[in-house]
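Coordinates in review
Chain residues, written in single-letter form:
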Amino acid sequence: MNTYRCQSDQLCYDAEVICALYNQLRKSYPVALVCIVWYRSLRKEIRKMSAISLLNPKAEFARAAQALAINITAAKGIQDVMRTNLGPKGTMKMLVSGSGDIKITKDGNVLLHEMQIQHPTASLIARASTAQDDMTGDGTTSTVLVIGELLKQADLYISEGLHPRIITEGFDKARAKTLEVLEKLKIKIEPTRENLLDVARTSLRTKIHPQLADVLTDICVDAVLAVRQGDKQIDLHMVEIIEMQHKTSTETSLVRGLVLDHGSRHPDMPKRVENAYILTCNVSMEYEKSEVTAGFFYKSAEEREKLVSSERDFIEKRVQKVIDLKNKLCNNTDKRFVVINQKGIDPMSLDMLAKEGILAVRRAKRRNMERLALACGGTAMNCVDDLTEEHLGFAGLVYEHVLGESKYTFVEECKFPQSVTILIKGPNQHTLTQIKDAIRDGLRTVKNAIDDGCLVPGAGAFEVAVNQELLQYKNEVRGKARLGIQAYAEAFLVIPKTLAANSGFDAQDTIVKLQEEAQLLGEPVGLDVNSGEAIRPADVGIYDNYIVKKQIINSCSVIASNLLLVDEIMRAGMSSLKG
Amino acid sequence: MAAGREIVTLQFGCYSNFIGAHWWNLQVSVMFCRSLTLLPNNKQEAGFEYNADNPSEINHDVLFREGVTSKGHVTFTPRLLLVDLKGSLGHLRQEGDLYNHPEDVNPNKVQWPVEKVDVLCTPTVEKNEFINDLESEENVMVNTEAPGSLPKVYNLDSVTNVWADYLRTRYHPRTVSIINEYEHNSDTKPFDVFNQGANLWKTEQFQDDFTDRIRMYAEECDNMQGFHILLDGSDGFAGLGTSALEYLEDEYSTKSKLVFPTIPSEFSNTTTFQDSVRLLNLALGFHSLAEHSSLFVPLCMGSSGWRQPGVPRDFPHLRYNSSLAYHSSAVLAAALDTATLRYRLKTGMRTSLSEMTDSLSRLGRRVAVASLGLPFAMEYDAYLLDTLEQWEGPLWQTLSPNCNLENDRIWIQSVVLRGVPKLRLKSVQMQQDRNPAYTCTSVQEMLSLFLTCCSYATASHVTSADSPCNVSSPFPQIFSEFVGLDGSVSTQKRPGNIGVYSVPAIAGLHSCRSVGDMLAALNMEVRKLQLKRFHCFCNSGLEEDEYEECLNHLALLRECYNEEFDV
């Protein structure tokens, strides 16, 4: 009896504690029946407790409002962190770790990955934003801002007594309408270089310095256009990205061919060859233990030697086949021969190849096999039997570049390169990382534009238009749901407002100016971040991706609605014990 | 083959990195020590000094690589890749400072209007005395210690929180990968489920990056022998490590892969649930290792390893604190460093990694047991012959969980004895006819003879090396006071202010019957659990069938150790 009281005084209702108590009782009182009765009485106690809390509606309501407050504060919190990033005039964040590692970024997605998000709601929003990046490669900051703002606007009405359910109904209607507006505003484009440059520039200028953004814009567009094959789905993997810690970031360039991050491993091999046949293969050219790992038993040392040398012969014959082909094709011409192998090539094989003036590189990336075939032609070979000329690719120039301990092999002057390389240069690692992140997003933007076949006016023009349309639409809707639509319309203005604030203009002034102008002109009007005046995005070439906007509309509405409908937050598992 | 017999090392997880850090330190100490005592005024390289006039018998090129920084300094760094969670590096920068000096935090340098740059700093991590001394020594580029004097002794027991706190070796910028998704010592989002690791491997970003790093090392190697893989067996790293192993099996199918799944000697959280999760991770990991590795050797300083780590293994001359990862990992590192000498020597009977893994994994017995005798207790002026003759008890202590080598049936073993030079083989005065061992002319021969005498039908491969295990700081001072400066055992106490600098050691890998007991114990424990109760596994994509198959495979593997098929 004592044991039981002592436990129930502490009000431990954790299943594990009950089990422990149960076991303990069982041990001390081996009569099972008694124990079970006690166990049941304990459970009755628990049931009584929760019944009491059910009888107290005030407590329950407080919990609901509290849950909502928690969600809204979290959303506002994460919004505040990201707010300053938005747009080409946002702040750059320099993150310094405890050990002195530096990271410089303005990209919402990168920032979210770096931040330690403990709050469950905030991490839900962050995940929505990361999903946005996975899907489209852009619009991560906007996602966070819009979700935060939707909750903030909804909070105004909820605090006046409106039920969250009604707001979410309004959100749902507004979302459908917004998608209609998106369809109406989208501008059909042909995937020409000029059109793509605009959208890529818009995206890149929000991430890096304008001067560098302009360099990367050309690179990204050219790269995607190069790997695009007719109407087939664009495979961005066919754009190789290589980092070179060297010189300045504006020297980043597009190589119409392939750059490998390794070189030949033999001093006598040519460092530069012109008019070269390229053999890409996945054939081991190194002597190693036999593939069957069963133990060998040798009768004598000679027998072992014999086995080793026969293994060696086997490899030599492979190499000889490549050399034979080279002799057949290149002798008495000015053509040269290059071998790019996915597997290893050992020093003896390298030696044989070097004697013939063949440039050989080993352990190429798996993906480069595919890329090489697209860049230079030919096919990647899995065996060297029956090699013919049509299996080979061709490049006008292959040369090696050495930088410290890193070597790079450039395969250039290909005839119709359908795989290209972006060579990133920068003075230090964090610059390289920053550029790499920007290029990834830039490439995605261009690909999205081609896939969609249309663009949406940027610079906040779309959001202003949505606001106007929704306010009109609101009057067509009957009932309290229109309040939800109102909130939704207001929430989308957060994008132009933040753009204005980040550029140093008054948010209200700007919004009014834009709304007036839009009313007057009857077409989308955006914000010029330099002058603070209204502009037509089409005039200055500021466009956003259609898919990015669509994704934002859908995901933000869903997440915000879900968060609004939460009326109880429960924590379970380990962390509940620690508070 | 003449040139290169390179091995690439991979370390997954915090405890593995603790062991790894000690292991690399031990190796660097050996290189350091020689030049320090024998030739104090030699050239110092950017990484550390090494000495061409007095070539060591250990072939450091097997595990290390030579490189050049962009400024033209020659470096010598481990051929190593390691993975750890965010926040586990302490003061260490991810790319190290060997190739790139840390940059000043200067918002003016950022290509962006200065008023629009936010600088967010986390507080700088304090460095301990050892690290500070190490850095100042490198900055001055002169050895402050007088030739012949003994290296300073540090007590790092209380200041070691992460493995970087005692890391002496400098890593290549490519070496460290950090998982940003999970945080070190995090309660809210721990990385403790097998499938979390497996899923992480499946993300394109991680896999591309990591396989690329492996490939960069492989590309440099002229004749790679294989891979050493250390992985934490009881958390998410088991899944990550085994996924990586699967990739290696695919891409480098002909190379040997020697895997050491490790289990910490103390767990921070020990609820029943957590214990079960760890158990499941181990079972899933062992299953995958048995399928893809050439040989794997579980390592744990506790005697049982799962559920609770169990009683710490007792060494007669060691006083270590098993609750400190800094201590227990040091002992395991000494075992690794010694046992792997078999294929890392320049001289003598060179064998390759594949030969060792093949011979130990006969008949599908993919699991082996590790053992260590530290120090190999000899008196100051004793000879090996006498020491062995008077030896009582086992030569070594088992380091694998749920196994005991004492009175065990050992089929095949590979034993390495280091730190006993030929001079100390036998006394010249001894009567020649008294003992058959007197005819032995090498350490190797004598130890082989000894092992043949004490065990029945065991195929032993013995390697011996002259150089002892160099245990000066940052190796913890865990030796009892009766161990002398050079590792010899005596009845007199060592003066309090002096540490132990080098010790002879013996270590082995054994294929023996008690591995079957280990697997049976694991299987039995796991069978008690119901997978459905562990949502974290089901949620991260483990199927019931898959799990069932894994258990069956473990049972099959256990069968391999049942019957006696002698070679």
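Residues numbered from 1 in each chain as written. Chains lettered and ligands numbered in written order. Predicted model: local features only at pLDDT ≥ 70, side-chain atom pairs only at ≥ 80, totals over all residues. Heavy atoms only, no water.

- As annotated in an unreviewed UniProt entry, chain A is T-complex protein 1 subunit zeta from Zootermopsis nevadensis.
- According to UniProt, the comment filed for chain A under the heading Sequence similarities (unreviewed entry) is "Belongs to the TCP-1 chaperonin family." (UniProt positions renumbered as here; feature names shortened; annotations may be inferred.)

**Details of the packing of helix α16 (residues 481–492) of chain A against helix α17 (residues 494–502) of chain A**
Residues and elements named next belong to chain A.
- In the contact formed by α16 and α17, the axes pass within 5 Å of each other and the chain directions differ by 30°. Between α16 and α17, the angle falls in the class roughly parallel. Between α16, through E490, A491 and F492, and α17, the contact on the second element is made entirely by V494, I495 and P496.
- Of the residues assigned to the contact of α16 with α17, the class counts are 5 nonpolar, no polar and 1 charged. (Axes fitted to C-alpha atoms, helices over the stretch in contact; angles between N-to-C directions. Helix = DSSP H or I, 4+ residues; strand = E, 2+ residues; numbered from the N terminus. Parallel < 35°, antiparallel > 145°, perpendicular 65-115°, else oblique. Contact = heavy atoms within 4.5 Å. Nonpolar A, V, L, I, M, F, W, Y, C, P; charged D, E, K, R; others polar.)

**Here's the deal with the interface of chain A and chain B**
- With 62 residues of chain A at the contact, the number on the chain B side is 65 residues.
- Counting each side, the surface lost to burial between chain A and chain B is near 5200 Å², with a carbon and sulfur contribution of 45%.
- Run the count over chain A and chain B and you get 11 salt bridges.
- Across the salt bridge formed by A:R367 and B:D208, the nearest N and O atoms sit 3.1 Å from each other.
- Remark: the boundary between chain A and chain B carries 26 residue pairs in polar contact (both at pLDDT 80 or more).
- Broken down by secondary-structure element, the contributors of at least two residues to the side of chain A that touches chain B are β1 (92–96), β2 (102–105), α5 (108–114), α11 (301–330), α12 (347–355), α13 (366–376) and α14 (429–452) of chain A.
- With 5 residues, β1(A) is the single largest residue contributor to the side of chain A that touches chain B.
- Across the side of chain A that touches chain B, the residue classes break down as 15 nonpolar, 23 polar and 24 charged. (Buried area = accessible area lost by both parts, 1.4 Å probe. Salt bridge = Lys/Arg side-chain N within 4 Å of Asp/Glu carboxyl O. Polar contact = N/O pair within 3.5 Å; in protein donor to acceptor, adjacent residues only side chain to side chain.)

**Some points on the sheet that holds strand β4 (residues 239–245) of chain A**
All names here are of chain A.
- If you walk across this open sheet you meet the 3 strands as β4-β12-β5, and the pairing is mixed. Strands at the two margins of the open sheet, each flanked by one partner only, are β4 and β5 (253–255). With direction set aside, neighbouring strand axes in the sheet form an average angle of 25°.
- Set on the sheet, α14 makes contact with β4 and β12 (420–426); between it and β4 the angle comes to about 165°. (Pairing = 2+ DSSP bridges.)

**Re the environment of B:E6**
Residue and element names in this part refer to chain B.
- Counting through the fold element by element, E6 comes out in the segment before β1 (7–12).
- Given the relative accessible area of 7%, E6 is considered buried.
- Separated by 347 residues in the primary sequence, E6 and L353 place their C-alpha atoms 10.0 Å from one another.
- Setting aside chain neighbours within four positions, we find E6 in contact with D61, V62, R79, C221, D222, N223, M224, Q225 and G226.
- Within polar-contact distance, the side chain of E6 engages the backbone nitrogen of N223 at 3.1 Å. (Buried < 20%, exposed > 50% of the residue type's maximum accessible area, 1.4 Å probe, protein only.)

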